[in-house]
Structure formats: C-alpha cells, structure tokens
Amino acid sequence: MRCWCRLSLVIVLLLAGCAGPPSVVRETEIFGTRVKITVNGLPEARAAAVIAEVFTYFGSIHRRFHAWREGELLAVNRAIATQNLPFTLSEPMAVMLVQAADYSERSSGLFNPAAGRLFALWGFHSDKPPTAPPPPSSVKQYLANAPSMAAVNIQAQQLRIAHPLTQFDFGALAKGVALDAARDMLHHHGVRDALINIGGNILAMGANNGRPWRVRIQPATDAGAVGTINLADGEAIATSGGGERFFIHDGRRYHHVIDPRSGMPAKRNRVATVISAHQQHAGAISDAAATALLIANDEEAAVLLRRFKIKAALRVSADNQLLPTAMMQMRLAL
Ligand code: ADP
Ligand code: MG
C-alpha cells in the first residue's frame, strides 16, 4: 500500500513537471451566464490579476449593451424612439454598430440586431421569462414596417437613423465582442495560452501545455452529445439554440432567437454551432453567425457560411438530423 502511494506520487510529480506552471482558472457570473477563463504560463498571482481585469471589463460591456437595464444602449434606443438625433455614440458603441451592420448584411438580415422591438414584443427584454406569445396582430403590425441595419448611418460617432422603429439589441453579439476584447487584453499582458469561455461562446489562445485546447460541443438537443473538438490558436466557437431561454405556453415551446421574416422563434433548427478562425473578430463573427445559422435553411446556410468565411459548422435540424459541413465532420470525426 505504502509502495503504491509513493509510486503514484512520483507519477503526479512527473506529470506536474512536464506540464510547466499550473493553469490558473477563475470563474464568475456575467452576461447572465457562467464565465470561465483559464490562463497558462503565468505565475498565479499575476494570472489572477489579469483575469480579474478582464472580468471587470466584461462587466462594463454587459452594462453598456444591456437591452433593458439603464445604460448607453437604452439611451441610444430612447433617442431613436423620440427622434432625438443625431446621437453622439461612445467609441465602443460606434464600433459595435458598425460590426453589427456588417454581419447583418452578410447574413442577409437573418442576424438583425435592429429588431429589438420585436424581441421586446416577445417579452424577452425582462429578467423573468415571458408567459405567453404576443398577439399575432402585433407581430403582423411590426412586420409591415420592420427596421433593418441598412437604415443605420454613423459618421464621426454621430448616429442617424432613417427608420424610427429601430431598437438595437446586441444579445446575439455582445458575448462574442467580449471574447475578442478579452483576447486583446490577455495578449497585451503577455498571455499566449488561454481559454476564454462565456457561457459556451469560447475563444482559444495558443495551446494547452503543448496540446490544442479541447472543448465539448454542447448538445442541448435530443440528438445527444455531439463530441469534442480541438480549437486552434485564435479560433472561436459559438452555439445558438433554443435550449436555454424559452417558455412554454399551451404546451408549445417558444425560444429567444426570432426569425426576422416570420417574427416567430426560429423553427428550422434546434442548435447551430460555428467555428470562426478570423484573426481579429473570431469571437464576434462566431456569435453573430451561429445565431443566423440557427434560422437558416440549407441554401441560406451555405451562403452565410461563405460570406462569414466559416468552414466548420453544424446544425441540428428540427427533426434531429445532424447537418455538419465537411470540415466539421472531419474535425469531429463523426
Ligand atoms: P445566447 O445569447 O443564448 O448565446 P444568441 O447568441 O443566439 O444566444 O443570442 C440570442 C439573443 O439575441 C436573444 O436573446 C435576442 O436578444 C437576440 N436575438 C434574437 N433573435 C435575433 C436575430 N434574429 N438577430 C439578432 N439578434 C437576435
Ligand atoms: Mg449569437
């Protein structure tokens, strides 16, 4: 017995020796979800301080872009509703809007962050889940004069809007933008190897002690666990689905990703996962593209993946078919 103990201790020490300084992991709750950052290669106190700085920054992003609590986004939306324009935007808000307009165009409007009024109509602008869908007449009225990002005009941080019913909502983009900001902050502090996870929106930096970072694709579907995947340096993975924010009314399930064309929760797919390898905006692109892909049919999916330069993607259709791209199939070894 004693002998076995000593042997196992030696193995543990050897493993620790190979692995270099231990990973420093910190977790917290921001964006209404679990946030976890793993940093390798820094002394613990330094890594912890850097992670704390990133968490503080996440808090500021969360407040600035919150869709129903007081903050800059609410001020922007109020100015549009009262036609008190032009509105002087902060730099992060201007950058967010320009990125959002680009991604909306690339997704042919499936990703539509100008549709905040529609998401509010569905009752998702609240800390409590809604209890019933909106009356069909109000959705119909909205669709008759629906805003899009095409009406947004920003010059020198001055916002003008051609469509008075525009209300911005960055619920499908803010976590991705936060991932990119975190990567830049960590780089700035000399971190090369890290994994940043904001409730399943994940960005990998470098590697995990010489091996690729490995993440599990969230199932959130009857299709069962899909598998694990290696993320290369700089890649971000995002999943969108109706599994987390939803309500049930009269036995029917309604979730929080709305198809801007029907004004109804997206029906075609249960889950969509994408991996972006974009150097600067992998987090933001993966977030927006996953939401758009959840709404897309086969043809739309092919177009938007091409426009977002995404090779690895997976949809689980409403009837539980796994629909991976060839690259995703290879990487998952399905
Ligand atoms: P999650 O926030 O659960 O990770 P998503 O990234 O798909 O999921 O974002 C969903 C959120 O985005 C919704 O709660 C809503 O605020 C907003 N949203 C819903 N439908 C759309 C859409 N078609 N385009 C842009 N944003 C959307
Ligand atoms: Mg998204």
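Model, not experiment: these values are computed from the prediction.

**Considering the pairing of strand S4 (residues 152-155)**
Right, on to step 1. Here S4 runs beside strand S5 (residues 158-161); their pairing, made up of four bridges, is antiparallel. Bridge assignment links Ile 154 to a residue of S5, and that residue is Leu 159.
Right, on to step 2. Here S4 folds back onto S5 in antiparallel fashion, the turn holding two residues, of which Ala 156 has a positive phi close to 50°.

**Thoughts on the nonpolar core**
The nonpolar side chains of a soluble globular protein tend to be buried with one another.
Right, on to step 1. Phe 58, Leu 159 and Phe 168 are the most contacted members of the largest nonpolar core, which has 74 residues in total.
Right, on to step 2. The biggest single contributor to this core is helix H8 (residues 282-295), with 10 residues.
Right, on to step 3. Leu 195, Ile 229, Ile 237 and Met 328 belong to the second-largest nonpolar core, a separate cluster that totals 14 residues.

**What to know about the coordination of the magnesium ion (ligand 2)**
Right, on to step 1. In the first shell of the magnesium ion (ligand 2), the protein supplies Asp 287 (O), Asp 287 (OD) and Thr 291 (OG1), at 2.2 to 2.4 Å from the metal. A residue pair is termed a helical-turn pair when its members lie 3 or 4 positions apart in one helix, as Asp 287 and Thr 291 do in helix H8 at four residues. Across the pair, exposure class does not vary: Asp 287 and Thr 291 are buried alike.

**What to know about the domain arrangement of the protein**
Right, on to step 1. Segmentation of the protein into domains returns domain 1 (11-65 + 174-331) and domain 2 (72-161).
Right, on to step 2. Placing the centre of domain 1 and that of domain 2 at their C-alpha centroids yields a distance of 24 Å.
Right, on to step 3. Between domain 1 and domain 2 the total buried area reaches about 2,600 Å² when both faces are included, carbon and sulfur atoms providing 70% of it.
Right, on to step 4. Summed over the three residues of domain 1 that lose the most area to domain 2, namely Arg 64, Phe 65 and Phe 247, the buried surface amounts to 26% of that side.
Right, on to step 5. Our count for the contact surface shared by domain 1 and domain 2 stands at one salt bridge.
Right, on to step 6. Two residues, Glu 72 and Arg 64, come together in a salt bridge whose shortest N-O distance is 2.5 Å.
Right, on to step 7. Where domain 1 touches domain 2, the interface holds nine residue pairs in polar contact (both at pLDDT 80 or more).
Right, on to step 8. Broken down by secondary-structure element, the contributors of at least two residues to the side of domain 1 that touches domain 2 are helix H7 (174-188), strand S11 (246-249), strand S12 (252-255), strand S14 (264-265), H8 and helix H9 (298-307).
Right, on to step 9. Here the side of domain 1 that touches domain 2 gets five residues from one element, more than from any other, and that element is H8.

Conventions we followed
- Residues numbered from 1 in each chain as written.
- Chains lettered and ligands numbered in written order.
- Predicted model: local features only at pLDDT ≥ 70, side-chain atom pairs only at ≥ 80, totals over all residues.
- Heavy atoms only, no water.
- Pairing = 2+ DSSP bridges.
- Helix = DSSP H or I, 4+ residues; strand = E, 2+ residues; numbered from the N terminus.
- Core = buried A, V, L, I, M, F, W, Y, C linked by side-chain atoms within 4.5 Å.
- Buried < 20%, exposed > 50% of the residue type's maximum accessible area, 1.4 Å probe, protein only.
- Donors = N, O, S within 2.8 Å, 3.2 Å for Na, K, Ca; no water.
- Domains from an automatic or database assignment.
- Buried area = accessible area lost by both parts, 1.4 Å probe.
- Salt bridge = Lys/Arg side-chain N within 4 Å of Asp/Glu carboxyl O.
- Polar contact = N/O pair within 3.5 Å; in protein donor to acceptor, adjacent residues only side chain to side chain.

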